[in-house]
Amino acid sequence: MPSIASSPTPPGDRSGPGNPADTATDDHQRHGHQHADHQHGDHRHGHAVGRRAWGPLLIVVPTVVAALLGNRVGWFTDADLRLWSTLFVSISLQALPFLALGVVISGGIAAYVSPDFVRRIVPKRQVFAVPAAGAAGLALPGCECGSVPIAGRLISHGTPPAAALTFLLAAPAINPVVLISTAVAFPNDQMMVVARFGASFLVAIAIGTWWARRNDVQMFKRLTDHQHEDPRPRWQQFVDVASRDLVHAGGYLVVGAMAAATLQLVIPRSALDAVADNELLAVLLLACLAVLLSICSEADAFVAAGLPQFSLTSRLVFLVVGPVIDIKLVAMHAGVFGRRFAMIFAPVTLATAIVIAVVVGQVLL
Amino acid sequence: MGRAALLCIVGAVALRLVITGEFGNFVQQHMRIPITLAAVLLIGLGAVEVVGDLRDGAVDPESSRRPVGPTVGWLLGLPIIVLLLVAPAALGAAAADRIDPLVPAEPATNAAAVEPLDDSDGPVPLELYEFISRALWDGSGSLLDAEVELEGLVVNDPDVDDGFRLTKFAVSCCAADGLPLQVMLRGLDTTYENDEWVRVVVQWRPPDDGVIDPEDFVEADVISIEVVDDPPDDPYETPF
């Protein structure tokens with residue numbers, strides 16, 4: 001999204017060709033929602049009416065939702081609908097503080113850290129930048145939802161995408177909170193902590209290196225394109241960027257939470273036992289489960305500990321895959337980095353995580 | 001302006017969940033402070049935007065036209081609508097039927113010895129996790145002959161006609177990672193509704209054949225039972 005708030009175009013000038021940024025925004029809104037035309041029209045008459053133009057949305061959305069839920073009662077029993085709602089609200093509420101931390105950091109970078117400074121502290125050569133970004137992931141205590149807006153901001157601020165993506169993968173997987181909860185969940189298998197740390201770090205480095213070699217400058221064009229000086233005071237930039245990132249990433253988070261809540265209900269966990277004895281199937285199954293259940297990286301160790309019928313290696317796969325790629329993250333990646341990126345990134349990351357976790361598991365566990 | 005309103009509403013609802021304690025149905029208690037901070041941040045961001053918009057708007061009406069962002073951002077309001085329409089409750093019998101029960105892992109061999117239970121002053125209150133853990137792994141037999149007080153909700157079992165599965169969920173972050181802890185209560189002659197909260201005094205019933213199998217439910221004989229009207233503020237256990 002280009003930053004529009006500072007646009008000085010006077011009201012009478014709208015039809016002129018002078019301001020491409022405004023035109024783009026109008027187009028976006030017109031295609032984005034049927035009410036955009038309505039809003040656009042209102043603006044010609046002054047802002048007092050224009051502000052009220054969002055009112056219909058607040059009514060339309062709940063109505064649509066109520067209609068959808070009404071249908072769903074026919075599919076699930078009443079108890080199932082309530083359980084779905086509990087899971088959905090839980091995942092959303094749990095993620096909110098981490099998302100808030102993420103957008104505060106993202107807004108802080110945007111407003112108070114100059115791109116020059118970022119370019120100075122990130123090592124020039126990707127050989128060093130990628131491991132450095134991975135190590136930086138150690139310092140952010142949170143789960144995966146918060147690191148997505150931060151990585152997006154880092155890229156738009158001139159960080160090499162390879163380094164930003166390494167950070168994106170490392171931060172939720174190897175931070176102290178996650179490692180401690182893993183140690184607590186596996187009191188008799190402390191090597192699990194070492195294996196999780198090692199495998200997750202290797203995955204982040206491998207993906208970062210892969211992206212560095214790929215050297216795709218087009219991919220993040222829309223993140224890096226609008227580098228212009230923002231004339232507003234810094235605190236205003238901070239508020240604007242933090243709000244925008246929160247609403248943006250938060251919307252995709254909700255999409256992911258809906259998918260995860262649905263899948264948690266649909267997948268019968270007792271059916272898992274059938275394949276637990278076949279190592280290959282177990283690895284693939286737990287990898288899929290990690291993607292589909294979208295459990296927060298701070299909690300997934302306890303869920304893995306609750307699957308004792310599976311081998312330690314297959315449970316390591318669950319712990320390494322979950323924080324780097326799951327349904328909720330695919331939705332957020334598509335929103336923040338673009339759909340094309342998510343389509344490439346998800347399968348490659350999933351495959352890399354499975355292979356590295358299996359190898360590390362064979363060596364250490 | 002729409003975005004500011006959305007932020008304020010989401011923040012206000014999150015704050016309400018914390019103040020009423022309802023958040024405990026969805027996430028672990030230790031999330032209280034993080035969620036409060038996030039809610040205050042959201043309300044603050046929204047309020048600053050409103051003030052900024054009003055001030056800029058007074059000078060130049062067009063400058064208050066800030067794009068809300070992609071339409072998907074509005075979905076942030078969806079959990080609130082679901083909260084209103086469906087009124088989701090804490091995890092209960094419906095979830096317990098779908099998820100395999102959590103079996104406490106064998107404590108590490110170097111863990112401190114289990115403390116004996118002293119019920120001379122009345123039944124000893126225990127969490128379900130600890131009760132099950134002692135039943136399965138405590139070689140010293142601390143549960144034998146001890147009267148223990150447990151609390152949980154009712155999950156009826158079609159295979160058992162003189163009792164039910166006393167259930168609480170172990171939650172480490174949010175309800176989506178909740179796993180049921182279950183003790184099979186026996187020796188009851190009245191039936192209870194699913195999801196009713198009860199407080200019971202029980203005595204552990206070792207397996208008839210003396211072989212303890214973690215795959216089987218831990219069983220207990222009920223000495224007394226009372227229905228709890230208000231479920232506890234924290235309906236979950238955090239054994240980890």
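### Topic: the overall build of chain A
Regarding its fold elements, chain A presents 18 helices and 0 strands. The buried share of chain A, reckoned over its 365 residues, is 47%. Of the contacts made within chain A by residues no fewer than 6 positions apart, 81% connect residues no fewer than 24 positions apart.

### Examining the domain arrangement of chain B
Residues and elements named next belong to chain B. Domain assignment breaks chain B into domain 1 (2-88) and domain 2 (94-237). Measuring from the centre of the C-alpha atoms in domain 1 to the corresponding centre in domain 2 gives 40 Å. Every contact between the two is made by 7 residues of domain 1 and, on the other side, 9 residues of domain 2.

### Remarks on the packing of helix α11 (residues 191-214) of chain A against helix α16 (residues 312-324) of chain A
All names here are of chain A. In the contact formed by α11 and α16, the axes pass within 10 Å of each other and the chain directions differ by 45°. Between α11 and α16, the interaxial angle falls into the category oblique. Of the two possible hands of crossing, α11 and α16 adopt the one that is right-handed. Contacts between α11 and α16 involve Met192, Ala195, Arg196, Ala199, Ser200 and Val203 from the first element and Leu312, Leu316, Leu319, Val320, Pro323 and Val324 from the second. The class makeup of the residues in the contact of α11 with α16 is 10 nonpolar, 1 polar and 1 charged.

### Details of the pairing of strand β4 (residues 179-186) of chain B
Residues and elements named next belong to chain B. Burial analysis of β4 places 6 of its 8 residues in the buried class, which makes it a mostly covered element. With 6 bridges connecting them, strand β3 (residues 165-170) and β4 associate as antiparallel partners. Bridge assignment links Lys168 to a residue of β4, and that residue is Leu181.

### Things to note about the packing of helix α7 (residues 126-136) of chain A against α11 of chain A
Residues and elements named next belong to chain A. At their nearest, the axes of α7 and α11 sit 9 Å apart, and the two run at 145° to each other. In the packing of α7 onto α11, the handedness of the crossing is right-handed. Contacts from Gln126, Val130, Pro131, Ala133 and Gly134 of α7 reach α11 at Phe201, Ala204, Ile205, Gly208, Thr209 and Ala212.

### Thoughts on the nonpolar core
The nonpolar side chains of a soluble globular protein tend to be buried, and buried together. Of all hydrophobic cores here, the largest spans 170 residues; its most connected members are Leu99, Leu286, Val317, Val320, Val321 and Ala357 of chain A together with Cys174 of chain B. Per element, the largest residue contribution to this core is 19 residues, and it comes from helix α5 (residues 78-112) of chain A. Here this core spans two domains, and each of domain 1 (2-88) and domain 2 (94-237) of chain B adds at least three residues to it. Non-local contacts of Leu99 of chain A, meaning those with residues more than four positions away in its chain, are made with Cys145, Gly146, Leu246, Ala249, Gly250 and Leu253 of chain A.

### Overview of the environment of Ala290 of chain A
All names here are of chain A. Along the chain, the position of Ala290 falls in helix α14 (residues 279-293). Taking the C-alpha atoms as reference points, Ala290 and Pro323, separated by 33 residues in sequence, lie 8.4 Å from one another. If we ignore the near neighbours within four places in the chain, the residues touching Ala290 are Phe318, Val321, Gly322 and Asp326.

### Comments concerning the environment of Gln28 of chain B
The residue Gln28 of chain B is located in the loop between α1 (2-20) and α2 (32-59) in this model. Between the alpha carbons of Gln28 of chain B and Tyr236 of chain B there is a distance of 7.7 Å; along the sequence they are 208 residues apart.

### Overview of the environment of Tyr129 of chain B
Residues and elements named next belong to chain B. Position of Tyr129 relative to the elements: it lies in helix α5 (residues 128-137). Judged by local crowding, Tyr129 falls into the partly exposed class, with 17 C-beta atoms found within 10 Å. Separated by 109 residues in the primary sequence, Tyr129 and Thr238 place their C-alpha atoms 8.9 Å from one another. Beyond its immediate sequence surroundings of up to four residues, Tyr129 is in contact with Pro104, Ala170, Leu181, Glu237 and Pro239.

### Observations regarding helix α18 (residues 339-364) of chain A
All names here are of chain A. Over its 26 residues, α18 runs 37 Å from end to end, which matches the ideal 38 Å to within 8%, given 1.5 Å per residue. Those residues of α18 that fall on the buried side of the exposure criterion are Phe345, Thr349, Thr352, Ala353, Ile356, Ala357, Val358, Val360 and Gly361. Its buried side turned inward, α18 meets α11, α14, α16 and α17 (327-337).

### Examining the pairing of strand β2 (residues 148-155) of chain B
All names here are of chain B. In terms of residue burial, β2 counts as a mostly covered element, since 6 of its 8 residues are buried. Sheet analysis places strand β1 (residues 124-125) next to β2, joined by 2 bridges and oriented parallel. Directly across from Val124, in β2, lies its bridge partner Val148. Where β2 lies against strand β5 (residues 197-205), 6 bridges are found, and the strand directions are antiparallel. Its bridge partner being in β5, Leu150 is matched across the sheet by Val200. Where β2 and β3 come together, 3 bridges link them in antiparallel fashion. For Leu153, the partnering residue across the bridge sits in β3 and is Thr167.

### Some words on the confidence of the model for chain A
Residues and elements named next belong to chain A. With 75% of its residues at a pLDDT of 70 or more, chain A shows a mean pLDDT of 77. Below a pLDDT of 50 lies the segment residues 1-53, which in the model reaches 56 contacts outside its immediate sequence neighbourhood of four places, other chains included. Scored below 50 in pLDDT, residues 70-76 shows 5 contacts in the model against residues more than four places distant or in partner chains.

### Notes on the confidence of the model for chain B
Residues and elements named next belong to chain B. Per-residue confidence for chain B gives a mean pLDDT of 86, with 90% of residues at or over 70. Scored below 50 in pLDDT, residues 61-68 makes 24 contacts in the model with residues more than four places away or belonging to other chains. The ipTM for the predicted assembly is 0.90, set against a pTM of 0.76.

### Considerations on helix α10 (residues 176-185) of chain A
All names here are of chain A. Turning to α10, its buried residues are Val178, Ser181, Thr182 and Ala185. The buried residues of α10 occupy an angular sector of 105° when the element is viewed end-on, so they sit on one face. Considering only its buried residues, α10 is in contact with α9 (161-174), α11, α15 (300-305) and α16.

Thresholds applied
- Residues numbered from 1 in each chain as written.
- Chains lettered and ligands numbered in written order.
- Predicted model: local features only at pLDDT ≥ 70, side-chain atom pairs only at ≥ 80, totals over all residues.
- Helix = DSSP H or I, 4+ residues; strand = E, 2+ residues; numbered from the N terminus.
- Buried ≥ 20, exposed ≤ 12 C-beta atoms within 10 Å, placed from the backbone.
- Contact = placed C-beta atoms within 7 Å.
- Domains from an automatic or database assignment.
- Axes fitted to C-alpha atoms, helices over the stretch in contact; angles between N-to-C directions.
- Parallel < 35°, antiparallel > 145°, perpendicular 65-115°, else oblique.
- Left-handed = near helix turned anticlockwise from the far one by under 90°.
- Nonpolar A, V, L, I, M, F, W, Y, C, P; charged D, E, K, R; others polar.
- Pairing = 2+ DSSP bridges.
- Core = buried A, V, L, I, M, F, W, Y, C linked by C-beta atoms within 7 Å.
- Expected span 1.5 Å × (residues − 1).
- pLDDT = per-residue confidence, 0-100.
- Arc of directions from axis to C-beta.

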